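Close look at the chain arrangement
Each chain, letter by letter, is given below.
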Amino acid sequence: MRRPEGEAPARRPADRGFRARTAFLPFSRPTIGQEEIDEVVDSLRSGWITTGPKAERFEREFAAFTGARHALALSSATAGLHIGLIALGLRPGDEVIVPPLTWAATVNMIELLGARPVFVDVHPGTLQIDERQVEAAVGERTVGILPVHFGGAPCDLEALRRVAAAAGLWIFEDAAHGVGTRLGGRHVGTTEKLSVFSFHPIKNMTTIEGGVLTLDDDELATRLAGLRFHGLVKSAWNRYSEGGTPQVEIAFPGFKYNFTDVQAALGIHQLAKVEGFNRDRARLAAIYDRLLEDVVEIGRPEVPAYAHTHTWHLYVIRVLDGAGVDRDRMMSELKARNVGTGLHFRAVHTQPYYADKYPQWPGRLPAAEWASERICSLPLFPDMTEEDVEYVVAAIKDVLAAAR
């Protein structure tokens, strides 16, 4: 677990007796109960399936869960990044500091608004943004920091806040992995200017697709509500419900990124269960840790040293040099043994578009680039059993044994 780089020690003798399972174990699968199904059916029968009372209820409950003053649900976290950056005033030519180990949407939204990403390397062990390098990355055009809480653990917001305060920058947290993640007892997404969460089906809770922005600023919340839906400050639910008025007033141009009652029907019950989901994930991660402790070819995930609550959205291993197989071969061989895996993530600055447009970055972010070539996410979801985890580790050992 604590070998984020370097070559693996000498290999052990081959393991014997591996038997491949017949059923495929996916990398992730949402845990959806009868309560969610019944609530969705109730929405379908109610006649109100787009944004309505259940969407508003979900927003209230998510705000209460995190401790934020406002929670604005949207069609996706990407939509939240888009309108969040617009509302923060991002303009062409501005620069935003961002880590390279993230899904491309984090950087794409900066790029699509005509601004420029300034990449800062990650800690090689935790894969969180390296706060020690952020201050040096601040330039004349820098307007904000867009840190990513990676894998279910928080980045060091305290250190980032000091840099932001000194330079007059905003912080917009990408907490897509962070439902339930806490730093020093406070939920992420409640202390900075703006934050975004994701409810994609592989996340710790799901609304099929969807996301939410959290913030405390009343004026900013009003603007975001308009940007979310055509520039209307008044919702369709309030306009068309009994006692409402159909008058439409466009305060400014906006998008159609609204969140539906059908999504909220799922989300209301998922939110009520997410702490239990997170405990299940932590238990399974601990089993992985124990079973992989003597597998010297595999580097286990490190966790931050500061006080936090880790929700184990991902369990990310490294296939170390000297393992006899590279990461891509490991993933292929595990698939052949009916084990699904994920890659979170290829460093964004090495993707063709960004490497071509910003050739100054490849080669300058060694920790992210080293990890990008070696990381692999193992199956981790609440419905997994201890036997499933044991099988995954046995399959990894069998791949390594076959490579000797």
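Shown above is the structure to which this text applies.
Below: a short report on this structure. (Residues numbered from 1 in each chain as written. Predicted model: local features only at pLDDT ≥ 70, side-chain atom pairs only at ≥ 80, totals over all residues. Heavy atoms only, no water.)

**As for the overall build of the protein**
Helix and strand counts for the protein come out as 13 helices and 13 strands. Taken over C-alpha atoms, the radius of gyration comes to 22 Å for the protein, in line with the 22 Å a tight globule of 404 residues would show. Its C-alpha atoms put the protein at 75 × 55 × 35 Å along the principal axes. Looking at the protein residue by residue over its 404 residues, the buried ones come to 59%. The contacts in the protein between residues at least 6 apart in sequence include a share of 73% that link residues at least 24 apart. Accessible surface, the protein: about 16700 Å² in total, of which carbon and sulfur atoms supply 51%. Taking the average place of the 45 positive charges on the side chains of the protein and the average place of its 52 negative ones, the gap between the two points comes to 2 Å. (Helix = DSSP H or I, 4+ residues; strand = E, 2+ residues; numbered from the N terminus. Rg over C-alpha atoms; globule rule 2.2 N^0.38 Å. Buried < 20%, exposed > 50% of the residue type's maximum accessible area, 1.4 Å probe, protein only. Contact = heavy atoms within 4.5 Å. Areas by Shrake-Rupley, 256 points an atom, 1.4 Å probe, with all protein chains shown as cover. Lys, Arg positive; Asp, Glu negative; His and termini not counted. Charge placed at Lys NZ, Arg CZ, Asp CG, Glu CD.)

**Comments concerning empty space enclosed by the protein**
Tallying each qualifying case throughout the model produces three cavities of 30 Å³ or more. For the largest cavity, the calculated volume is near 110 Å³. What lines the largest cavity is a set of 15 residues, among which Thr126, Phe150, Pro301, Glu302 and His310 lie closest to the centre. Classifying every residue of the lining of the largest cavity by side-chain character gives eight nonpolar, five polar and two charged. Roughly 60 Å³ of internal volume is contained in the second largest cavity. Along its surface, the second largest cavity is lined by Arg29, Pro30, Thr31, Pro201, Lys203, Asn204, Met205, Thr206, Gln270, Phe277, Arg281 and Pro382. Of the residues contributing to the lining of the second largest cavity, the split by class is five nonpolar, four polar and three charged. (1 Å grid on protein atoms, 1.4 Å probe; cavity = no way out; pocket = protein on both sides within 12 Å on 5 of 7 lines; lining within 4 Å. Points joined across faces, edges and corners; volume = space filled by probe spheres on them. Nonpolar A, V, L, I, M, F, W, Y, C, P; charged D, E, K, R; others polar.)

**Focus: the sheet that holds strand S1 (residues 70-74)**
Overall, mixed pairing links the seven strands, which are arranged S1-S9-S8-S5-S4-S2-S3 in an open sheet. Strands at the two margins of the open sheet, each flanked by one partner only, are S1 and strand S3 (116-119). Neighbouring strand axes in the sheet, compared pairwise and without regard to direction, differ in orientation by 25° on average. With three bridges connecting them, strand S2 (residues 95-98) and strand S4 (residues 142-145) associate as parallel partners. Residue pairing for S4: Val96 is matched across the bridge by Gly144. Packed on one face of the sheet, helix H7 (residues 218-228) meets S1, strand S8 (194-198) and strand S9 (211-215) and runs near 10° to S1. (Pairing = 2+ DSSP bridges. Axes fitted to C-alpha atoms, helices over the stretch in contact; angles between N-to-C directions.)

**Examining the sheet that holds strand S11 (residues 308-309)**
Pairing in this open sheet of three strands is antiparallel, and the strands run S7-S6-S11 from one edge to the other. The outermost strands of the open sheet, each flanked by one partner alone, are strand S7 (186-187) and S11. Relative to S7, strand S6 (residues 182-183) runs antiparallel, the two being bridged by two bridges. Note on S7: the bridge partner recorded for Arg182 is His187.

**Re the side chain of Glu59**
Relative to the elements of secondary structure, Glu59 occurs in helix H2 (residues 53-66). A relative accessible area of 15% means that Glu59 is categorised as buried. Here Ala73 takes part through its backbone nitrogen, which lies 2.8 Å from a polar atom of the side chain of Glu59. Within the structure, Glu59 has its side chain in polar contact with the side chain of Arg228 (distance 2.7 Å). Setting aside its immediate chain neighbours within four residues, Glu59 contacts Ala71, Leu72, Ala73 and Arg228. (Polar contact = N/O pair within 3.5 Å; in protein donor to acceptor, adjacent residues only side chain to side chain.)

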